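Take a look at the letters that make up each chain.
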Amino acid sequence: MKHGIILGLIGLIAILWYAPAQAARSFSASQTSPTPTPGQFDMGTTQAVTLGVTNTSTGGNVGERLFQVQFQLSTTACSPTPCTNTVFSSATAAPAGWTRTAFSTTSVTFKATSFANALGSTAQSPTVPPTTGSFTLLLVVGTFTADLSQTLSKTTIRLSANTNFGGSHAVNCTSGTCLGSWKAMSLQITSFQTTDLSGNPISGTASGNSFRAVITLKNVSTATQNAIVANPSPPTANTVGTWKAGSPGCSLTGTNPSPLNLASGASGTITYTCTTVSTAPPDNGTVSFTAAVRNGTTTATSRSATSNVITVSQITVQMAITPAAPACLLSGSTATMKLTVTNSTLLTIFSVTPSALTITPANGASTSSLTGPAPASIASLAPGASGTFTWTATVTGTVDTTLPKPAITASASVSYNFGGPLQTTPAVGGTEDIDDFVVSVSPTSTNAASVNAELTFHVKNRGCGNNVTQVTITAPAGWTASSDVYSLVTDTLGNTLENNWTVSGTTFNAPNAASRMPTDNTLGDFTVVYSATPSSAGSSVFTVSVTDGTNTANHNGPESTVTVNAFGSGTLNQTQPSIWREVFQ
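Attention in this report is confined to the structure presented alongside it. (Residues numbered from 1 in each chain as written. Predicted model: local features only at pLDDT ≥ 70, side-chain atom pairs only at ≥ 80, totals over all residues. Heavy atoms only, no water.)

### Things to note about the sheet that holds strand 29 (residues 407-411)
Pairing within the open sheet is antiparallel, and its three strands lie in the order 25-29-32. The open sheet has two edge strands, strand 25 (358-362) and strand 32 (430-433), and neither has a second partner. Ignoring strand direction, the axes of neighbouring strands in this sheet form an average angle of 20°. Direction of pairing for strand 25 relative to strand 29: antiparallel, over a ladder of five bridges. (Pairing = 2+ DSSP bridges. Helix = DSSP H or I, 4+ residues; strand = E, 2+ residues; numbered from the N terminus. Axes fitted to C-alpha atoms, helices over the stretch in contact; angles between N-to-C directions.)

### Digging into the state of the cysteines
Going through the model one piece at a time under the given rule, you end up with two disulfides. Covalently, Cys 78 is tied to Cys 83 through a disulfide, its sulfur atoms 2.0 Å apart. Given an S-S torsion of about 100°, the disulfide between Cys 78 and Cys 83 has right-handed geometry. Residues Cys 78 and Cys 83 agree in their burial class; the two are buried. For Cys 173, the disulfide goes to Cys 178, at an S-S distance of 1.8 Å. For the disulfide bridge between Cys 173 and Cys 178, the dihedral angle about the S-S bond is near -85°, and by the sign convention the bridge is left-handed. (Disulfide = S-S within 2.5 Å. Buried < 20%, exposed > 50% of the residue type's maximum accessible area, 1.4 Å probe, protein only.)

### Things to note about unusual backbone geometry
Backbone geometry follows two general trends: most residues other than glycine have a negative phi, and most peptide bonds adopt the trans configuration. Cis geometry is adopted by the peptide bond preceding Pro 130, which originates at Pro 129 and carries an omega value of -5°. For the peptide bond that leads from Ser 442 to Pro 443, omega is -10°, which places it in the cis range. Here the phi dihedral of Phe 165 falls at roughly 65°; this positive angle occurs in a residue that is not glycine. As for its position among the elements, Phe 165 is in the loop between strand 10 (154-160) and strand 11 (169-173). Positive phi outside glycine occurs at Ala 449, with the angle close to 60°. As for its position among the elements, Ala 449 is in the loop between strand 34 (445-447) and strand 35 (453-462). When its relative accessible area of 44% is taken as the criterion, Ala 449 is described as partly exposed.

### A few points about the packing of aromatic side chains
Centre distance and the angle of the planes are the two values used to describe a pair of aromatic rings. Considering all chains together, one arrives at 13 aromatic pairs under this definition. A ring pair is formed by Phe 67 and Phe 165, whose centres lie 4.4 Å apart and whose planes are at 5°; its orientation type is stacked. Residue Phe 67 is located in strand 4 (residues 65-72), and its partner Phe 165 is located in the loop between strand 10 and strand 11; the two are separated by 98 residues in the primary sequence. Its relative accessible area of 3% is what places Phe 67 among the buried residues. Overall, the relative accessible area of 11% leaves Phe 165 in the buried class. (Phe/Tyr/Trp six-rings, centres within 6.5 Å; stacked < 30°, edge-to-face > 60°.)

### Notes on the sheet that holds strand 35
Adjacent strands of a sheet pair through backbone hydrogen bonds, lying either parallel or antiparallel. In spatial order, the strands read 33-35-41-37-38; together these five strands make up an open sheet with antiparallel pairing. Of all strands in the sheet, those with a lone pairing partner are strand 33 (436-442) and strand 38 (496-498), marking the two edges. Pairwise comparison of adjacent strand axes, ignoring direction, gives a mean angle of 20° for this sheet. Summarising the sheet, strand 37 (residues 480-490) and strand 41 (residues 523-532) pair through seven bridges and their orientation is antiparallel.

### Observations concerning the side chain of Thr 109
Tracing the sequence through the fold places Thr 109 in strand 7 (residues 107-112). Owing to a relative accessible area of 7%, Thr 109 belongs among the buried residues under this scheme.

### Digging into the pairing of strand 3 (residues 46-55)
Counting buried residues in strand 3 gives seven out of ten residues, a clear majority hidden from the surface. Bridge count between strand 1 (residues 27-33) and strand 3: six bridges; the pairing is antiparallel. Each residue of the ladder has a partner; that of Ser 33, found in strand 3, is Thr 50. Here strand 3 pairs with strand 8 (residues 132-140) via nine bridges, running antiparallel. Bridging from a neighbouring strand, Gln 47 pairs with Leu 139 of strand 8.

### Looking at the pattern of salt bridges
Under the counting rule described, the total for this entry stands at four salt bridges. Taking the shortest distance from any N to any O, the salt bridge between Arg 25 and Glu 64 comes out at 2.8 Å. Separated by 39 residues along the polypeptide, Arg 25 in the loop between helix 1 (2-23) and strand 1 and Glu 64 in the loop between strand 3 and strand 4 bring together distant segments of the chain. The shortest N-O distance in the salt bridge between Asp 147 and Lys 183 comes to 3.9 Å. Here the residue Asp 147 occupies a position in the loop between strand 8 and strand 9 (148-151), and Lys 183 occupies one in strand 12 (residues 181-185), the gap between them amounting to 36 residues. (Salt bridge = Lys/Arg side-chain N within 4 Å of Asp/Glu carboxyl O.)

Without other data, these values stay purely geometric and don't point to any function.
Laid out in structure tokens, this is it:
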């Protein structure tokens with residue numbers, strides 16, 4: 001009897017000692033990659049899940065080391081069909097100091113190569129490193145009819161206090177963070193690329209240009225997915241720099257087909273057109289786009305993807321028309337047309353080439369002798385650099401006293417690239433009036449060998465916006481000017497100044513700024529009495545030089561021509577005494 005009681009007490013003591021020891025064996029495991037959990041994996045691809053495993057044993061088992069880890073996947077057949085299960089890849093490898101001791105498509109086992117490499121308990125004092133091991137599992141993700149969330153089915157570790165790992169004990173985990181988690185995604189974004197409007201990939205463009213953001217996707221599930229759209233739509237714009245409110249403005253232009261329905265294994269695109277702003281201040285900086293895709297019921301989705309970064313910066317193309325000399329464009333002079341390209345982007349542009357120059361005449365203008373461009377092209381422009389292309393042409397146009405002035409407008413565009421396909425930016429058209437001083441003479445005929453022939457030259461200022469300061473009348477051979485000269489000029493205040501301008505020979509000068517002849521609606525009459533005229537008949541061409549202080553125009557054509565008739569031909573002398581300024585009785 002006493003013997004039995006003693007044996008019972010010994011057994012009870014053994015049980016009491018063993019129970020807390022079993023309860024003290026523990027470990028923790030959590031997914032360290034990918035995070036946040038669950039990871040998102042495209043169906044049918046090989047992906048990696050990494051778990052950190054830590055020995056957390058306490059109490060009487062604090063000295064035991066975690067030397068073996070086994071990860072398992074469910075062996076239950078997938079459903080609904082058609083489908084394939086997620087399995088371990090045979091390329092799964094053990095971390096340093098461990099070896100892979102067993103492998104199948106649903107189970108993989110790792111074992112420490114020595115007691116020193118096994119994981120000591122975090123509760124042991126002093127702590128024996130290492131206490132945590134990192135284990136990467138390669139998964140061949142299965143294919144299913146819709147998105148599917150998955151985990152490992154079980155994680156098992158073994159602990160031993162013996163250096164040869166004898167007398168080990170197993171601890172299992174079948175729920176919680178120890179299993180890791182991922183989601184098999186039905187749709188796969190295979191490309192998210194910015195292109196020009198022709199579909200060529202680009203990484204830079206000028207502000208004011210339009211470009212496309214193209215999402216190319218594939219249905220990697222085993223079922224047809226319908227009504228596929230971007231999420232969000234339009235994609236989120238990730239901008240750096242200066243952008244107008246709401247810019248870059250993207251609008252959905254369509255899918256292919258629309259709506260986008262994809263059979264299993266099929267691919268398609270979702271395309272957005274983005275238009276940047278060139279008005280001051282222009283869009284200037286970088287932008288990329290982020291979006292995922294989903295079907296109409298959100299049961300089939302994709303991982304989020306971000307497009308390439310595109311640089312959007314200012315390419316300024318300006319067209320200006322200036323005369324080579326003088327400082328404004330006078331009828332009959334040479335116009336210089338300049339196309340200036342300024343690269344305000346963050347990238348070098350290449351093959352900078354202008355288009356053919358277009359000159360549009362208006363109000364009777366015309367051009368001839370066009371030359372250029374010079375140079376024909378510029379190999380490259382660095383950020384901040386400028387280049388100029390130059391054309392020249394002779395311009396003419398009759399400047400009427402009432403009609404708008406003749407004018408020409410020049411325009412061109414410039415092509416360039418950022419290392420990819422050519423892009424084009426048009427120039428801002430340059431317009432320039434053709435200016436002149438309108439000159440006529442009266443009378444337009446006289447007789448040969450006349451004396452005291454009086455000619456009045458009428459000058460109207462239709463020049464470059466400046467007030468006329470000087471008029472010089474130069475007679476051809478056979479004409480002798482007397483000292484009898486006279487002027488009648490409307491000044492800048494609207495007053496008629498009679499003989500106010502000073503005269504030296506046949507050169508008239510305004511005595512002061514207020515006396516000058518303003519533009520457009522004012523007329524100056526400059527009269528010279530010639531004591532002698534040519535002795536024979538013919539045409540006499542006078543040169544009338546008009547200057548506004550900056551520009552000079554010489555008129556020696558039909559508008560300043562006087563016909564000299566033969567003396568006694570029957571034609572009355574039109575010069576004297578038909579024109580009188582003063583009559584003395």
